[in-house]
Amino acid sequence: MSALNDAIARFLEAMRREQFSAHTIRNYASDLDQFADYFAPPGTDAPDLTAFHPVLLRGWMASLYDRNLDVASIRRKLAAVRAFFRHLKREGAVEQNWARQLRTPKAAKKLPSVMTEEQTNRLVDGVAASALEQPHPERDLAIFELLYGCGLRVSELVSLNLEDFDFGERWIRVRGKGNKERQVPYGAKAAIALDTYLAVQPAASGMLFRNHRGGRLTDRGARGIVKFYARMLEGDSSVHPHGLRHAYATHLLRSGADLRAIQELLGHAGLATTQKYTQVSLRDLMAVYDKAHPKA
């Protein structure tokens, strides 16, 4: 194993010790493996860690553009490499984190596509009707009720344990990005769905949601469940768990919820991230105006 590959392995192990989400670690591992492959094609040796400098790293960045990767992918790969070199600097393996000098490509500002309240409720009610004869309908309904009723990220949902719930006060302790914890309330429908699910499938080893093998449900598994029901009930395979999170925030805002409160509920580090939902609401209001007002 080259010094570069060995350093990547140490970095990923440090991420596990710091309890980064499995999803983040998996993405970083994939991006850093590709980074190492770029600098060490078959039959060649990777540069020494101290040999990395801005010109070398800009060549790697240029290769990402040459592959016609989208901006989001390039930004994610750059974030992984920056974090890796930041770790190397803390270790004393390099003197400078030259990756900090690389320019981050600007992401296009894109407003999320949000389902209406009618569409969302029709979908969740369809799951509740259990008309598709799925093997675990109680679990699937609890998943939908928590995604839409609490605005959870899919990674937050699948990492929930029984001990994270205060069933009396109806609060959930959620571990978000950077392992930051927050408390999120859940409503009566979610409470009923959880009680029904736990009555037929008690939590094993503390984990809330299990897959068909009895292990913890993965974020990929949860996405597949959401996509299946959306395709079968609404004929729309583009619906994903994050879409339910968008719907949660947008519908709260339309109903008069305070933006700061929504920020806390979603676990956003800054208010600017939450403010995109005001733009979504304004866009919808303009559409209503254009359609209904006689002077539009």
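Shown above is the structure to which this text applies.
Each chain carries its own residue numbering, running from 1 in the direction its sequence is written. Per-residue local features of the predicted model are confined to residues with pLDDT of at least 70, and side-chain atom pairs are confined, for both listing and counting, to 80 or more; whole-chain, interface and lining totals are unaffected and use all residues. To obtain the side-chain values, all non-hydrogen atoms of the structure were used and water was disregarded.

Novice: Mind showing me how you'd approach the overall build of the protein chain here?
Specialist: Assigned secondary structure in the protein chain consists of 13 helices and three strands. Among the 296 residues that make up the protein chain, the fraction classed as buried is 41%. The protein chains shown are the only cover counted for residues, whose accessible areas, like all others here, come from Shrake-Rupley with a 1.4 Å probe. As displayed, the protein chain offers around 16,500 Å² of accessible surface, 51% of which is attributable to carbon and sulfur atoms. Under the DSSP-based scheme used, a helix requires at least four consecutive residues in state H or I and a strand at least two consecutive residues in state E, with every element numbered from the N terminus. Exposure classes here rest on a 1.4 Å probe applied to the protein chains alone. A residue is buried below 20% of its type maximum, exposed above 50%, and partly exposed in between.

Novice: Just checking my understanding: could you explain the pattern of salt bridges for this structure?
Specialist: Between side chains of opposite charge, pairing is possible as soon as their charged atoms come close. For salt bridges, the criterion is a side-chain nitrogen of Lys or Arg within 4 Å of an Asp or Glu carboxyl oxygen. Evaluated as defined, the whole model comprises 15 salt bridges. Between D31 and R76 there is a salt bridge, with the nearest N and O atoms lying 2.9 Å from each other. Of the two residues, D31 sits in helix α2 (residues 22-39) while R76 sits in helix α4 (residues 71-91), which places them 45 residues apart along the sequence. When its relative accessible area of 3% is taken as the criterion, D31 is described as buried. Note that R153 is salt-bridged to E156, the shortest N-O span being 2.5 Å. Pair check on accessibility: R153 and E156 agree, each one buried.

Novice: Got a minute to help me understand unusual backbone geometry in this structure?
Specialist: For residues other than glycine, phi is negative in most cases, and the peptide bonds are mostly trans. Even without being a glycine, N68 presents a positive backbone phi close to 60°. Note that N68 resides in the loop between α3 (54-66) and α4.

Novice: What exactly am I supposed to notice about the nonpolar core here?
Specialist: General note: in soluble globular proteins, nonpolar side chains tend to be found buried as a group. For this analysis, a nonpolar core means a set of buried residues of the types Ala, Val, Leu, Ile, Met, Phe, Trp, Tyr and Cys, connected via side-chain atoms within 4.5 Å. Within the largest apolar cluster, 48 residues are counted, with the highest numbers of intra-cluster contacts made by F144, L146, L157, L208 and F209. Among the secondary structure elements, those contributing two or more residues to this core are α5 (117-129), α6 (137-150), α7 (154-158), β2 (171-175), α8 (188-200), α9 (219-234), α10 (241-254) and α11 (259-266). Per-element tally for this core: the top contributor is α6, with eight residues. By definition in these notes, contact holds between two residues if any of their heavy atoms fall within 4.5 Å. With residues near it in sequence (within four places) discarded, F209 still touches R139, A142, I143, L146, L157, Y197, G215, R216 and L217.

Novice: Mind showing me how you'd approach the packing of aromatic side chains here?
Specialist: For any pair of aromatic rings, the description rests on two quantities: the centre-to-centre distance and the angle between the ring planes. Pairing of aromatic side chains here covers Phe, Tyr and the six-membered ring of Trp, requires ring centres within 6.5 Å, and sorts the geometry by plane angle: under 30 degrees stacked, over 60 edge-to-face, intermediate tilted. In this structure the tally under the stated criterion is 15 aromatic pairs. Centroid distance F165 to F167: 5.3 Å. Interplanar angle 10°. Geometry classified as stacked. A connected cluster of aromatic rings, assembled from ring pairs, spans F11, Y28, F35, Y38, F39, F52, W60, F84 and F85.

Novice: Teacher, can you tell me more about the pairing of strand β3 (residues 181-185) here?
Specialist: Across a regular strand the side chains alternate sides, sitting on one face of the sheet and then on the other. By the alternation rule, side chains of β3 split into R182 and V184, which are all buried, and E181, Q183 and P185, of which none is buried. Note on pairing: two strands pair once DSSP finds at least 2 bridges between them. One ladder, built from five bridges, connects β2 with β3; its direction is antiparallel. Residue pairing across strands places R173 opposite Q183, the latter belonging to β3. Hairpin connection between β2 and β3: a loop of five residues separates the two successive antiparallel strands, and G178 in this loop has a positive phi of roughly 70°.

Novice: I would appreciate a short explanation of the pairing of β2 in the present structure.
Specialist: With burial as the criterion, only one face of β2 is covered, namely that bearing I172 and V174; the residues W171, R173 and R175 on the opposite face remain uncovered. Relative to β2, strand β1 (residues 165-166) runs antiparallel, the two sharing two bridges. Residue pairing in the sheet places D166 in a bridge with W171 of β2. Hairpin connection of β1 to β2: four residues between the antiparallel strands, including R170 at a positive phi of 60°.

Novice: Would you mind going over the packing of α2 against α3 with me for this structure?
Specialist: The angle between the axes and the distance between the axes are what describe a pair of packed helices. Axis definition: a line fitted to C-alpha atoms, limited for helices to the stretch in contact. Angles are taken between N-to-C directions and run from 0 to 180 degrees. Contact pair α2 / α3: the axes reach a minimum separation of 11 Å and the direction vectors enclose 110°. By the criterion of interaxial angle, the relationship of α2 to α3 is roughly perpendicular. Here the hand of the crossing between α2 and α3 comes out right-handed. Residues F35, Y38 and F39 of α2 pack against L56, L57, G59, W60 and S63 of α3. Think of it as three bins: nonpolar holds Ala, Val, Leu, Ile, Met, Phe, Trp, Tyr, Cys and Pro, charged holds Asp, Glu, Lys and Arg, and polar takes everything else, Gly as well. Of the residues belonging to the contact of α2 with α3, the class tally is six nonpolar, two polar and no charged. Working definition: roughly parallel below 35 degrees, roughly antiparallel above 145 degrees, roughly perpendicular at 65 to 115 degrees, and oblique for all remaining angles. For any helix crossing, the convention is left-handed if the near helix is rotated counterclockwise from the far helix by under a right angle, and right-handed if that rotation is clockwise.

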